[in-house]
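# Structure assessment
Here are the chains, one letter per residue:
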Amino acid sequence: MSQAPAPVAAPGPTPARTAPTGIPPVPSGTPSFDIATPVPSRTPWLLQRLQVVVALAVLIAGAMSVWVIADLRGDLASAPNLAQQYARLGEVQHDLSAAARLAKVSVILGETASGANATAAIDQVVAASGLLVESAKDRPQDAEALQAIGGDTLRYSLTLASAVGSPRAQALPRLAVAQKQLDALLGQLDDLQAQLAAEADARPWSQGTPAVWLVCLAMVAVVVWASWVVAQRSHRVVNLGLAAAVVALLALLSITAAAQGAAISASDTSRSTQFSRVVNTSAAVQHLDAAQQVLTTAVLTQTWDAAARANQTREVKSATVAANKENLTGLSTFTDARDALDTQMSKGEWKAAATALTDTAKKSLSAAAQTVRDTARDVSDSAVTVASSAPTSARATLVIQLVLVILIALVGAALGVLGLYQRLREYR
């Protein structure tokens, strides 16, 4: 009898493998190694901020250059007025002096109030008053001083009007008062001319010029620093955009320096060379008027003493010095006529002296003095014209430089931003 097969046992769970001794078991679901989370690059953040820094650096330097050039244009705007105002005040001095001299001649000749010299004297004061009004309009900063001079001129004219046509005994004290008023007026005009001369001596150096140099150099340093930072991050030596920004900054410095030089050159022409010519011609006429005034007063009062002679000699010497600087003609003829008049007055020949004083012949004292004045006026007018044209031309050049500075600043800032943008794209 066959034997029944043995029953097969059901398969049981597979026993877990025992880990080798000393090695801890690995928990289920845990990776066998760690991967560190990468830190985001800060370079794009840095490049974005450098874009702002570079743009501001170039634009700030451009704004400073614009300020300086605009300041220089404003300074040059007053340059032509200085020479013209000085010459105009010199004409006022001459008109006031001529009025006194003509009033004295009127009394010497015994004219009435409607006589030729008496009328001419008042006309000279009227002309001086008109010039004062014109001067105040041209330079409002002088208006207050000119207003005071205008008031004194009116009182002076009233004194002269009361003297001409009056009997000699009444006219002499009134003319003496008028002479004191004239001396005061001439002193006021001298003070105003001195202020103009002091202003002319100041060269047009904008207060912002040193600041522009410092700011531009500082901005160059900022852009160079930005270039160094970018070179380290990108491992490229040169960034063309930042290099263009540096070139723009250097161009701003160059244009500002050129503008300063052009302004100084134009100012030297207007305020130095041509202004000096106006001063010399004005001084020659002023001293000549004073010398002629002394001679006229001597004939009027019939008094020729050592003090009057010394005063007259001093004025003629001063007139000669000023006239020689500008090669003014006619002064030697005046000196010859003066010497002849001096001889007559020294001898007490007052009638002959009065005839010589009032003579208008070609080589007379009056004609010679007028020749000097006419020549001086021609020289002065020419100097005023040149003094006006040089700053006007320079101001037109400064406008071009002003526009150029604005364009360079904008382009330089844009190129600097663009250069950094190209690097920024590499990190996106």
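The structure we're discussing is the one just above.
Residues numbered from 1 in each chain as written. Predicted model: local features only at pLDDT ≥ 70, side-chain atom pairs only at ≥ 80, totals over all residues. Heavy atoms only, no water.

Next up on the list: the overall build of the chain. Each helix and strand counted, the chain has 11 helices and zero strands in total. Counting the 428 residues in the chain, one finds 43% classified as buried. The long-range share in the chain, meaning contacts at least 24 apart out of those at least 6 apart in sequence, stands at 85%. (Helix = DSSP H or I, 4+ residues; strand = E, 2+ residues; numbered from the N terminus. Buried < 20%, exposed > 50% of the residue type's maximum accessible area, 1.4 Å probe, protein only. Contact = heavy atoms within 4.5 Å.)

All right, on to a nonpolar patch on the surface then. A cluster of nonpolar side chains, contributed by V411, L415, L418 and Y421, occupies part of the molecular surface with about 330 Å² of accessible area. Summarising the element assignment, V411 is placed in helix α11 (residues 365-425). (Patch = residues over 30% accessible without salt bridge, like charges linked within 9 Å, V, L, I, M, F, W, Y side chains within 5 Å. Areas by Shrake-Rupley, 256 points an atom, 1.4 Å probe, with all protein chains shown as cover. Salt bridge = Lys/Arg side-chain N within 4 Å of Asp/Glu carboxyl O.)

Looking now at the nonpolar core. Judged by nonpolar contacts, the single largest core of 71 residues is most densely connected at L96, Y156, L160, W304, F334 and M345. Counting residues per element, this core draws most heavily on helix α2 (residues 79-109), which supplies 13 residues. Counting residues in hydrophobic clusters, the runner-up holds 39 residues, among them I69, V246, A259 and A413. (Core = buried A, V, L, I, M, F, W, Y, C linked by side-chain atoms within 4.5 Å.)

Time to look at the packing of helix α7 (residues 240-301) against α11. Relative orientation of the contacting elements α7 and α11 amounts to 170°, with a least axis distance of 8 Å. By the angle between their directions, the pair α7 and α11 is classed as roughly antiparallel. Within the contact of α7 with α11, the residues separate by chemical class into 34 nonpolar, 13 polar and three charged. (Axes fitted to C-alpha atoms, helices over the stretch in contact; angles between N-to-C directions. Parallel < 35°, antiparallel > 145°, perpendicular 65-115°, else oblique. Nonpolar A, V, L, I, M, F, W, Y, C, P; charged D, E, K, R; others polar.)

Time to look at the pattern of salt bridges. As enumerated under the stated definition, the model contains 10 salt bridges in all. For R373, the salt bridge identified is with D289, shortest N-O distance 2.8 Å. Remark: D289 occurs in helix α7 and R373 occurs in helix α11; sequence separation between them is 84 residues. Assigned by exposure class, R373 and D289 land together as buried. The salt bridge involving R338 is made with D339; its shortest N-O contact spans 2.8 Å. A residue is classified by how much of its surface remains accessible, and R338, at 10% relative accessible area, is buried. One connected set of salt bridges, linked through shared partners, spans R88, E134 and D138.

Over its 21 residues, helix α4 (residues 143-163) extends 30 Å from the first C-alpha to the last, a length consistent with the 30 Å expected when each residue adds 1.5 Å. Of the positions making up α4, those classed as buried are L146, I149, T153, Y156, S157, T159, L160 and A163. Projected onto a plane normal to the axis of α4, the buried residues spread over an arc of 160° and lie on a single side. The exposed residues of α4 that point more than 90 degrees off its buried face are E144, Q147, L154 and L158. Turning to α4, the residues buried within the fold contact α2, α3 (116-138) and α5 (168-201). (Expected span 1.5 Å × (residues − 1). Arc of directions from axis to C-beta.)

This paragraph deals with helix α10 (residues 350-358). Turning to α10, its buried residues number three or more, namely W350, A353, A354 and L357. Each buried residue of α10 sits inside an arc of 100° when the element is viewed along its axis, so together they form one side. Facing away from the buried side of α10 by over 90 degrees, the exposed positions are K351 and T355. As for α10, its buried residues are in contact with α2, α7, α9 (331-346) and α11.

Summarising the element assignment, L214 is placed in helix α6 (residues 209-234). With relative accessibility at 62%, the residue L214 sits in the exposed group. Between the alpha carbons of L214 and L253 there is a distance of 10.0 Å; along the sequence they are 39 residues apart.

Inspection of the secondary structure assignment puts D95 in helix α2. Buried charge without a partner: D95 forms no salt bridge, and the closest opposite charge is R377, 5.9 Å away. Those residues in contact with D95 that sit more than four places away from it in its chain are Q124, A127, A128 and L131. (Lys, Arg positive; Asp, Glu negative; His and termini not counted.)

The next subject is the side chain of N280. Checked against the element boundaries, N280 lands in helix α7. Here the side chain of N280 touches E326 through a polar contact of 2.8 Å, side chain to side chain. (Polar contact = N/O pair within 3.5 Å; in protein donor to acceptor, adjacent residues only side chain to side chain.)

Let us now look at unusual backbone geometry. Of note in the backbone geometry, Q302 takes a positive phi value of approximately 55° without being a glycine. Mapped onto the secondary structure, Q302 falls in the loop between α7 and α8 (306-325). Look at Q302 and you get partly exposed, because its relative accessible area is 44%. Here the phi dihedral of N327 falls at roughly 55°; this positive angle occurs in a residue that is not glycine.

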